[in-house]
Amino acid sequence: MTASLTVRDLGEKRIIAEIIRPMCELADVPIGIGDDAAMLSVPAGKSLLVSTDKIPEDLLAVQIGLMDAFHHGRYLATVNISDIAAMGGEPAGLLVTLALPSDFSLQYLTDFYKGLIQGCSEWGIGIVGGDLGGGTTPCFSAVAVGFVEPAQVLRRNGASVGDQVFATGPIGGFNTALLYFIVAKPRGLALSSKDEEYLRCKLVHPIAQVRKGRLLAASGLCRSCMDITDGVARTLFELADCSRKGLAIREDLLPVHPATAEVAEFLGKPARDVVFGIGLDLELLGTIACPRDGLPASLRDELVVIGIVKEEQGNVLVAPDGERIPIPSQGWQHFAGSALDLVKASAPVTRDPAPR
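About the thresholds
Residues numbered from 1 in each chain as written. Predicted model: local features only at pLDDT ≥ 70, side-chain atom pairs only at ≥ 80, totals over all residues. Heavy atoms only, no water. Pairing = 2+ DSSP bridges. Helix = DSSP H or I, 4+ residues; strand = E, 2+ residues; numbered from the N terminus. Axes fitted to C-alpha atoms, helices over the stretch in contact; angles between N-to-C directions. Contact = heavy atoms within 4.5 Å. Parallel < 35°, antiparallel > 145°, perpendicular 65-115°, else oblique. Left-handed = near helix turned anticlockwise from the far one by under 90°. Nonpolar A, V, L, I, M, F, W, Y, C, P; charged D, E, K, R; others polar. Buried < 20%, exposed > 50% of the residue type's maximum accessible area, 1.4 Å probe, protein only.

A. Examining the sheet that holds strand β10 (residues 316-318) more closely. Ordered in space as β6-β8-β5-β9-β7-β10-β11, the seven strands form an open sheet in which the pairing is mixed. Since the sheet does not close on itself, it has two edges, and those belong to β6 (222-227) and β11 (324-326), each with one partner. On average, adjacent strands in this sheet sit at an angle of 25 degrees to one another, irrespective of strand direction. Across four bridges, the pairing between strand β5 (residues 164-167) and strand β9 (residues 304-310) is antiparallel. Bridging across to β9, F166 finds its partner in V305. In the packing of helix α7 (residues 210-219) onto the sheet, the strands contacted are β5, β6 and β8 (284-288), and the crossing angle to β8 comes to about 15 degrees. Each of β5, β6, β7 (246-250) and β8 touches helix α8 (residues 232-243); the most contacted strand, β6, lies at about 145 degrees to it.

Pasting the structure below:
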């Protein structure tokens, strides 16, 4: 395949027959690509989970040259699978719908599908169907299908006063990465190669927390749960709002990578401002009815307790000195402007830092 070939050169039917279908034939489902609909076998005692999400064709990681076609495709698979994880479910398959202009690169499409397949294979599933059509600009979307025990499904709206607020891993890394690669590094900050690779992976290689979602579901203790796709602050706001409660988050308990503090210091910002920016960390945030003596053994090494649910609405960050700082409901929202502009606006030039 030459780099100059476009989707116009093969056309929809040949692309499906010669590229997409052969690449996706390994999906372990009764009926996959080739018929008018896929057919999945629903395990006994399980209910169906269905979620859909689209991603921009010009993700910031693509714009700044960090993400190739393979990781672009894997990203689409992962953000959709993450929605199943947030409900405590087990992924079962992915349907992919692409609308492409006729001059779209055939090589990019092929590599994109390789990434999609990789993202699915990490959880033992495949692409079971979808649609390919034309569009004036590229549009990448997918539907994730999964299964969950009805009594174990995780919702957003079950938080109770006294529940512990948890995170499944480091938070704020995605926004840290955006600020580093778009703002701080061009201004002279040079992180260690290890920290820079960590931040690069936060942008181009996110991880869906399926295993931890399943553990939370099986515990019977998780009262509410969401995955972080629009930013930490926005996720906390939606969790609290759905239950009509408030969250008191302890600043000293936030699981934050050291690179976040270094980028924040360089930009002259409190680290909390970086943590609470926009970002798709894909860690899970939620609330759990925690036993008096702490987390159960099955979750002790999987979660970080970061706060508590309170009756009064409004989320606050409790600083080490006891100050209670309101947490704004900021985060990414479609139609609110360019993501690139939002990142740049969050780190205005207030000084001329020396190169580091």
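B. Quick peek at the packing of helix α5 (residues 173-187) against helix α9 (residues 258-267). Where α5 meets α9, the closest approach of the two axes is 10 Å, and the angle between their N-to-C directions is 45 degrees. Viewed along their axes, α5 and α9 adopt a mutual orientation that is oblique. Classified by chirality, the crossing of α9 by α5 is left-handed. For the pair formed by α5 and α9, the contact residues are T176, L179, Y180, V183, A184 and R187 on the first element and A259, T260, V263, F266 and L267 on the second. Residue classes in the contact of α5 with α9 are distributed as eight nonpolar, two polar and one charged.

C. Highlighting the environment of G314. Within the secondary structure, G314 is located in the loop between β9 and β10. Beyond its immediate sequence surroundings of up to four residues, G314 is in contact with K245, G246 and L247.

D. Representation of unusual backbone geometry within the structure. Positive phi outside glycine occurs at R244, with the angle close to 55 degrees. With respect to the element layout, R244 can be found in the loop between α8 and β7. Note on R244: relative accessible area 62%, which makes it exposed. A positive phi angle, close to 60 degrees, is found at L282, a residue other than glycine. Along the chain, L282 turns up in the loop between α10 (271-275) and β8. Overall, L282 belongs to the buried group, its relative accessible area being 0%.

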